[in-house]
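# Structural description and commentary
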Amino acid sequence: MLLGLFLLGLAGVLFGALAVVVLWPRLPGLSDVTDYRPDLPLRVYSANGTLIGEFGVQRRAVIHYDQVPLLLKQAVLAAEDARFFEHGAIDFAGVARAALADFGAGGAVQGASTITMQVARDFYLSPEKTPLRKLVETLLAYKIENTLSKEQILDRYINQVYLGQRAYGFAAAAQVYYGKPLGELSLAQIAVLAGLPQAPSAYNPQSNLRLAVWRQHYVLGRMLALHDITKAQYEEALAAPLDVVSGQGALHYSVDADYAAEVVRQIMVARFGEAAYTDGYKVYTTLVDKDQQAANAALRAGLLAYDRRTGWHGPEGQVRVLPGEDLLKAAARTLKRMHSVGGLAPAVVLHASPRHLEVLRRDGTVQTLGGAALALCRVGLEPRARSALRVAQGSIVRLLPSPAGPVVSQVPRAQSALVSLQPQTGAIQAWVGGFDFTHDKFDHVNQAYRQPGSSFKPFIYSAAVAEGLAPTTIIDDSPISINPGPGQPLWQPHNYEKRFAGPIPASVALARSDNVAAVRVVLAVGVPYARYHASQFGLPLQQIPPYPTMVLGAGSFSPLQMARAYAVFANGGYLVQPRLIDRIVDAHGAVIYRAQQDALGSAEAPRIISAGNAFLLTQMMQQVMRSGTGSASRVLGRSDLAGKTGTTSDFRDAWFDGYDHDRVVVAWVGYNTPRSLGHGEQGAAVALPIWIQYMRQAAAADPDLPWAAPPDVVQVPVNPATGYASVGNYAVANPVQGYFLQQYPPLDPGAATLAGAPASTGFSLGSLFGHPASAPPAPPPPPPPKPAARAAPLRNSSSSYVVLPSLGQ
């Protein structure tokens, strides 16, 4: 027997030696390990350096060995190879221990692979278990041990090992399972990750928390036995919450910016092709963390508030109970496949009554809801509720967190967008393209082209300002009829609720969003010129209809286009290019692209209107905020805000476009397939609350500075009833201080008449009236007339159109 064992052992040694001689020369080179360059995904960051997006086949984040938390190193070694720094490629003591354990159990129950052997397998071999593969793995382990230091080997393992959900390496796994960087994990969370390499699917904390906790306890026990942690740390970790993020493998970020990250992905793929997903590019955007978070919160709160006004839609669905299941098991199975949408968590109703709901949540907890928590769905709890609205056992509902506890909510059917940019540079500070990216990936910031309604009016008023209009110019807000052409019915524009104010200053007309006054303005400057002028704000000419209706927002534009256009008013007259990407860094840390800040007035940021024009429009839109349709913004307590509401026909789209010195913000609300938001759901009621909530947080630190008048603007006392200068014999008791372009001061009543006599302004009273008006009495002798700066507008006797000779209309 002894002789037989000796001969058998000798044969094994000879076979092993022969195998080494044959296999060693055929082993692959170690360049993949020594010159470690794994496929790295595209990563997108905010301006603050916060990860907001990752794209690639493999989720991987390479972290330098010196930056790996000590507790993670200890946890990995405790779970996988406690004697790693003491043995060579093979841990013979471990092999003997595993053999005894396997022999006692009558099968394979304990492995003996060292971390070096696992590195060899992860880099070069398949996971199949055959004697030949095990022999090659062992030889490669020896080769690796002779080439790399122990620290380098452990570094490769920590960054390369597969941990489930397409996550390679512990840094990527921390983001997948906990939604935060590796350095921010607790001991309890680290122990869960350290237990994953043995069986990533079985110990996945997202799908099998019970087994993951069992494995975690093993890892913590090993760390305690090896004196890596104290008894107190051990007990604290056992009781600590794991806070595993929901969603099977979905990445979670501390700042939600999925819509912007997707735009960056498209740009990178267009530039670098498929290499964008593997070459480890890092893209740093211009998004500001606090602005982006404020935008998300404001948009979701505003959309939910509007949705509550529309009433209860009914449950999201009904749980299907399979044969052999009870409701509790079926509900848990259903919830496992669901995820939160815009912060609304899914839940299944276990019991329903008119006063109470008992629901099962995704984490397995059961909650009882009543009182105000059921306000939205109460109509569905009534005994005679319609089937589409009825909330019953097995109904799927959504829960919204609140300070008083969760309340029943629902995913809004309408959509919204909010974009904020810096007016001097075009840098985008916040970009939210919808309620939730996973629910609706259509980006309403730059893909939704909707009618802007009255938010388009400032561009037409700007065209008129360029021709002499001032905020104090009097416009007749009385009914008007337009003959569009032979065989066409008369067009009779009207104001909201068909109310007319008569003669009012231009600033009041814009503040009240009077449609008739705006139509008179576009007719006064001429449709072709007004259309061309509006296109200079970056609004494509082909998207602006060549009809007077354009002043009421008959074109179609995206929120991003409107934000760029309004930035012209905020920055003093320059058209800047919106930019989302600040710089691109390659896998080696080299900056391969950096956005250049275009100087205002350069070819890339040209002046399109005068500083005075921008100032006068800002003054007019400040009145919108003080006393017009934007007056709800006064709750912010700021004096520097300017903006304009927009509401389209039949309340299909609601807008608010506004700004201060540091940011231009556009908010839009509507349905994907255009339909009415409901009677009275105007821009001031739907979009403005979103804008206000965003500004309350994002602009809290912005200084409240007055808008300084530029050199091409003069201030003159004006008679508010006529718009004439309050001077000399025509001075009034209570004039208003009016702003005017320097080349178009106010009419001097002693030098102008309504009959079209020479005037010092491009607009006379008659030019914006649909009927003659009475001239102020002229005391004898009248002062001599002032020289005309340009020809006075002439009324066309057959229509309301005004001929401006200097424009050749």
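Residues numbered from 1 in each chain as written. Predicted model: local features only at pLDDT ≥ 70, side-chain atom pairs only at ≥ 80, totals over all residues. Heavy atoms only, no water.

## Quick look at helix H17 (residues 515–525)
Formally: Working definition: with a 1.4 Å probe on protein chains only, accessible area under 20% of the residue-type maximum means buried, over 50% means exposed, and in between means partly exposed. Secondary structure elements follow DSSP: runs of H or I of four or more residues count as helices, runs of E of two or more count as strands, with numbering from the N terminus.
Most of H17 sits inside the fold, with 11 of its 11 residues counted as buried. Of the residues making up H17, those classed as buried are Asn515, Val516, Ala517, Ala518, Val519, Arg520, Val521, Val522, Leu523, Ala524 and Val525. Note on H17: the residue one or two positions beyond its end, glycine 526, has a positive phi of about 95 degrees.

## Describing the pattern of salt bridges
Put simply, the rule is: Here, a salt bridge means any Lys or Arg side-chain nitrogen found within 4 Å of an Asp or Glu carboxyl oxygen.
Under the definition given, this model contains 20 salt bridges. Arginine 83 serves as the salt-bridge partner of glutamate 86, at 3.5 Å between the closest nitrogen and oxygen. With a closest N to O distance of 3.1 Å, arginine 450 and aspartate 653 form a salt bridge. Of this pair, arginine 450 sits in the loop between strand E13 (428–432) and helix H15 (457–466) while aspartate 653 is found in strand E19 (residues 653–659), placing the two residues 203 residues apart along the sequence. Through salt bridges that share partners, Lys290, Asp291, Arg663 and Asp702 make up one connected network.

## Observations regarding the sheet that holds strand E1 (residues 42–45)
Within a sheet, each strand pairs with its neighbour through backbone hydrogen bonds, oriented either parallel or antiparallel. Filter applied, for reference: Between any two strands, pairing holds if DSSP finds at least two bridges. To define axes, lines are fitted to C-alpha atoms, for helices over the stretch in contact only, and angles between the resulting N-to-C directions are given on a 0 to 180 degree scale. Between two residues, a contact is recorded if the distance between any of their heavy atoms is within 4.5 Å.
Across the sheet, which stays open at both edges, the 5 strands sit in the order E2-E1-E5-E16-E17 with mixed pairing between neighbours. The open sheet terminates on both sides in strands that have one partner only, identified here as strand E2 (51–55) and strand E17 (591–594). Taking each pair of neighbouring strands and ignoring which way they run, the sheet shows an average axis angle of 15 degrees. Alignment of strand E5 (residues 282–285) against strand E16 (residues 581–585), held across 4 bridges, turns out to be antiparallel. Residue pairing for E16: lysine 282 is matched across the bridge by valine 585. Against the sheet, helix H12 (residues 258–272) engages E1, E2, E5, E16 and E17, with an angle of about 45 degrees to E2.

## Side note on the sheet that holds E19
With antiparallel pairing, the 5 strands of this open sheet are ordered in space as E13-E12-E20-E19-E18. Only two strands of the sheet have a single neighbouring strand rather than two, namely E13 and strand E18 (642–647). Here the strands of the sheet are splayed against their neighbours by 5 degrees on average, with no regard to which way each runs. Across 7 bridges, E19 lies against strand E20 (residues 664–670) in antiparallel orientation. Looking at E20, one finds that glycine 658 is bridged to valine 665. Across the face of the sheet, helix H20 (residues 611–627) comes into contact with E18 and E19 while running at roughly 65 degrees to E18.

## Notes on the pairing of E13
Most of E13 sits inside the fold, with 5 of its 5 residues counted as buried. Across 4 bridges, the pairing between strand E12 (residues 415–421) and E13 is antiparallel. Pairing of leucine 421 across the sheet is with isoleucine 428, part of E13. Counting the residues that bridge the hairpin from E12 to E13 gives 6 residues, and of these glycine 426 lies at a positive phi of roughly 80 degrees.

## Some details on the nonpolar core
Heads up, the rule is: Take the buried Ala, Val, Leu, Ile, Met, Phe, Trp, Tyr and Cys residues and link them wherever side-chain atoms come within 4.5 Å; each set so joined is a nonpolar core.
Of all hydrophobic cores here, the largest spans 91 residues; its most connected members are Trp431, Phe456, Phe459, Tyr461, Phe569 and Tyr659. In this structure tyrosine 461 touches Leu469, Ile475, Ala506, Ala509, Leu510, Ala517, Ala518, Val521, Leu617 and Met620, once residues within four positions along its chain are discounted. If you look at the next biggest cluster of nonpolar residues, it comprises 60 residues, including Ala75, Val76, Tyr157 and Tyr253.

## Digging into H20
In an α-helix, one turn spans 3.6 residues, which is why side chains three or four residues apart end up on the same side. The criterion, for reference: Each residue after the first adds 1.5 Å to the expected span of a helix.
Its 17 residues give H20 an end-to-end C-alpha distance of 25 Å, which sits within 8% of 24 Å, the value for a rise of 1.5 Å per residue. H20 sits mainly inside the fold: 14 of its 17 residues count as buried.

## Re the packing of aromatic side chains
Applicable threshold: Pairing of aromatic rings covers Phe, Tyr and Trp, the last through its six-membered ring, and needs centres within 6.5 Å; plane angles under 30 degrees mean stacked, over 60 mean edge-to-face, and all others mean tilted.
Summed over the entire model, instances satisfying the criterion amount to 16 aromatic pairs. Note on phenylalanine 537 and phenylalanine 569: the rings are 5.2 Å apart at their centroids and 45 degrees apart in plane angle, and the pair reads as tilted. Remark: phenylalanine 569 occurs in helix H19 (residues 559–570) and phenylalanine 537 occurs in the loop between helix H18 (527–535) and H19; sequence separation between them is 32 residues. On the accessibility criterion, phenylalanine 569 (2% relative accessible area) is buried. Taken together, the ring pairs in this structure connect Phe456, Phe459, Phe537, Phe557, Tyr566 and Phe569 into an aromatic cluster.

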